[in-house]
Protein chains: 2
Amino acid sequence: MIPPSVGRETRALILQAALRIVRTYGFGGLTLGNLARAVGMSKSGLFAHFKSIEQVHLTSVTYIADVFRSEVILPALEEAEGLPQLEATITKWQDWADQSASSGGCPFIASFFEFDDRDGPVRDSLLAQELAWRAHLNQLVAATTETGVFREDLDSEKFVSEICGIYYSFHVSLRFLHSGSARAISQLEVEALLQRSLRSSEHSLNSRSPKL
Amino acid sequence: MIPPSVGRETRALILQAALRIVRTYGFGGLTLGNLARAVGMSKSGLFAHFKSIEQVHLTSVTYIADVFRSEVILPALEEAEGLPQLEATITKWQDWADQSASSGGCPFIASFFEFDDRDGPVRDSLLAQELAWRAHLNQLVAATTETGVFREDLDSEKFVSEICGIYYSFHVSLRFLHSGSARAISQLEVEALLQRSLRSSEHSLNSRSPKL
């Protein structure tokens, strides 16, 4: 009999392989056949861990969201509340897409276009994760306003929509167009968005955020 | 023997069906099986028109680009040169994504994420179309600068990156998040982008562009 810890380790290896596949081929490429090949298991071996491809997809969404949390959300929260946390979050988010050329891009982004016209539990789970992420961004914007740095009349929904657009455009420039200036241009866009959200010119972005 | 005009009509029907499939499922969903079902033909019937799925994909990219040209690019060129053409182009582009709920979204957008880590002629063709589109946007921005409306020091590469980001974010809000305010927020973002690109406050956006 396989001890439970071995089962857990195998499951972790399967989910790591799933993340690599989704980064490169999207959820559409995460089939039982591709996953079995990637981990060197038979399909029936996979079935000992997951009952269906839908269960693989659902578990992968949660797993990828956990990795995102530990690589993007949590490290940025170590900065001071307000603008420093917001800036660190944006930088870590860009790093998440800007990994080595061979590792593929943001695992979630393709799914926003893959699943936009399909219903079902996988779409629901992806949607819940995206709404939670946008709520987190919204909260960081609100905290930056509360600390007196951003304008009180700042439209935070518009801010979040804009920062998401900057991120998507960055992803396309970097990974589809292979533009050498993708990160630099995206950085300028982020800087300009922050600049025009400031309460007044007394809050200079450069003095508050030497990293940008 | 089938006269050539019948062949051309069938080919047009096949390509229209391909566009509908790509709008909903992306190029990943454009398989010979799906296409044959959509047009009510056998796979061997399809082979009379296209030798491979790759040829279907390549022909579809050109066909979709032609439709885009006739629905977005050309009508906007009927406006006056400069800002009116740029604004009309952006509006028609948003209409292109904002069709009836059942018709699917922008047929190209998913492919920027589907094909970002895959090489081959389909990616090359999609890339060529996207670069041509961005060159067109760039030209519209340059013309708006030349007519004295936009600032001479405007970074047109950054402008194009920003307007693409606004479009992608709009697409996600509209079709993935099903947000009721997607178009309104996107409109505000476009307006703000145009506003901050103006040469000076003497060019008020509202007086020049009553449509926004």
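Residues numbered from 1 in each chain as written. Chains lettered and ligands numbered in written order. Predicted model: local features only at pLDDT ≥ 70, side-chain atom pairs only at ≥ 80, totals over all residues. Heavy atoms only, no water.

(A) Molecular detail of the side chain of A:Ser125. Tracing the backbone shows A:Ser125 in helix 7 (residues 121-146). Contacts of A:Ser125, omitting those with residues within four sequence positions, involve A:Leu58 and A:Val61. (Helix = DSSP H or I, 4+ residues; strand = E, 2+ residues; numbered from the N terminus. Contact = heavy atoms within 4.5 Å.)

(B) Local environment of the relation of the copies chain B and chain A. Superposing chain B onto chain A takes a rotation of 180° combined with a translation of 0.0 Å along the rotation axis, leaving an RMSD of 0.0 Å. Here the transformation between the copies is reduced to the relation of a two-fold axis. Minimal C-alpha distance to the rotation axis in chain B is attained by B:Gly165, lying at 2.0 Å. An overlap of 100% is found between the interface residues of chain B and their copies at the interface of chain A, pointing to a shared contact surface. (Least-squares fit on C-alpha atoms with pLDDT ≥ 70 in both.)

(C) A look at the packing of helix 8 (residues 156-176) of chain A against helix 8 (residues 156-176) of chain B. Close contact between helix 8 of chain A and helix 8 of chain B brings their axes to 7 Å; oriented N to C, the two are set at 110°. By the angle class used here, helix 8 of chain A and helix 8 of chain B are roughly perpendicular. Viewed along their axes, helix 8 of chain A and helix 8 of chain B form a crossing whose handedness is right-handed. Residue-level inspection shows A:Ser161, A:Cys164, A:Gly165, A:Tyr168, A:Ser169 and A:Val172 of helix 8 of chain A in contact with helix 8 of chain B, the latter providing B:Ser161, B:Cys164, B:Gly165, B:Tyr168, B:Ser169 and B:Val172. Grouping the constituent residues of the contact of helix 8 of chain A with helix 8 of chain B by class yields six nonpolar, six polar and no charged. (Axes fitted to C-alpha atoms, helices over the stretch in contact; angles between N-to-C directions. Parallel < 35°, antiparallel > 145°, perpendicular 65-115°, else oblique. Left-handed = near helix turned anticlockwise from the far one by under 90°. Nonpolar A, V, L, I, M, F, W, Y, C, P; charged D, E, K, R; others polar.)

(D) Unusual backbone geometry, seen in detail. Residue and element names in this part refer to chain A. Positive phi values are uncommon outside glycine, yet His178 reaches one of about 55°. One can find His178 in the loop between helix 8 and helix 9 (182-197). Residue classification places His178 among the exposed residues on the basis of a relative accessible area of 52%. (Buried < 20%, exposed > 50% of the residue type's maximum accessible area, 1.4 Å probe, protein only.)

(E) Structural detail: the interface of chain B and chain A. Residue-level contacts link 43 residues of chain B with 44 residues of chain A. Between chain B and chain A, a total of about 3600 Å² is buried, with carbon and sulfur atoms accounting for 62% of that surface. Ranking the residues of chain B by area buried against chain A places B:Phe113, B:Asp117 and B:Phe176 at the top, with a combined share of 21%. Taken together, the connections running from chain B to chain A amount to zero salt bridges. Our count for the contact surface shared by chain B and chain A stands at twelve residue pairs in polar contact (both at pLDDT 80 or more). If you list the elements that add at least two residues to the side of chain B that touches chain A, you get helix 1 (4-25), helix 6 (111-114), helix 7 (121-146), helix 8 and helix 9 (182-197) of chain B. (Buried area = accessible area lost by both parts, 1.4 Å probe. Salt bridge = Lys/Arg side-chain N within 4 Å of Asp/Glu carboxyl O. Polar contact = N/O pair within 3.5 Å; in protein donor to acceptor, adjacent residues only side chain to side chain.)

(F) The arrangement of the packing of aromatic side chains in detail. All names here are of chain B. Tallied over the full model, the rule gives 17 aromatic pairs over all chains. Note on Trp93 and Trp133: the rings are 5.0 Å apart at their centroids and 70° apart in plane angle, and the pair reads as edge-to-face. Within this pair, whereas Trp93 is found in helix 5 (residues 83-97), its partner Trp133 is found in helix 7, the two being separated by 40 residues in sequence. Of the two residues, Trp93 and Trp133, neither departs from the other in class, the shared state being buried. Ring geometry for Trp93 versus Tyr167: centroids 4.0 Å apart, planes at 15°, classification stacked. Of this pair, Trp93 sits in helix 5 while Tyr167 sits in helix 8, and the two are 74 residues apart along the sequence. In this pair, the class of Trp93 matches that of Tyr167, namely buried. (Phe/Tyr/Trp six-rings, centres within 6.5 Å; stacked < 30°, edge-to-face > 60°.)

(G) A look at the confidence of the model for chain A. Across chain A, the average pLDDT comes to 89, with 90% of residues at 70 or higher. Between residues 207-212 of chain A, whose pLDDT stays under 50, and residues either more than four places distant or in other chains, the model counts ten contacts. (pLDDT = per-residue confidence, 0-100.)

(H) Main features of the nonpolar core. The biggest cluster of nonpolar side chains holds 124 residues, and the ones touching the most others in it are A:Trp93, A:Phe150, B:Trp93 and B:Phe150. Every residue in contact with A:Phe150, bar those within four places of it in the chain, is listed here: A:Leu83, A:Leu86, A:Val141, A:Thr144, A:Thr145, A:Phe159, A:Leu194, A:Ser197, A:Leu198 and A:Arg199. (Core = buried A, V, L, I, M, F, W, Y, C linked by side-chain atoms within 4.5 Å.)

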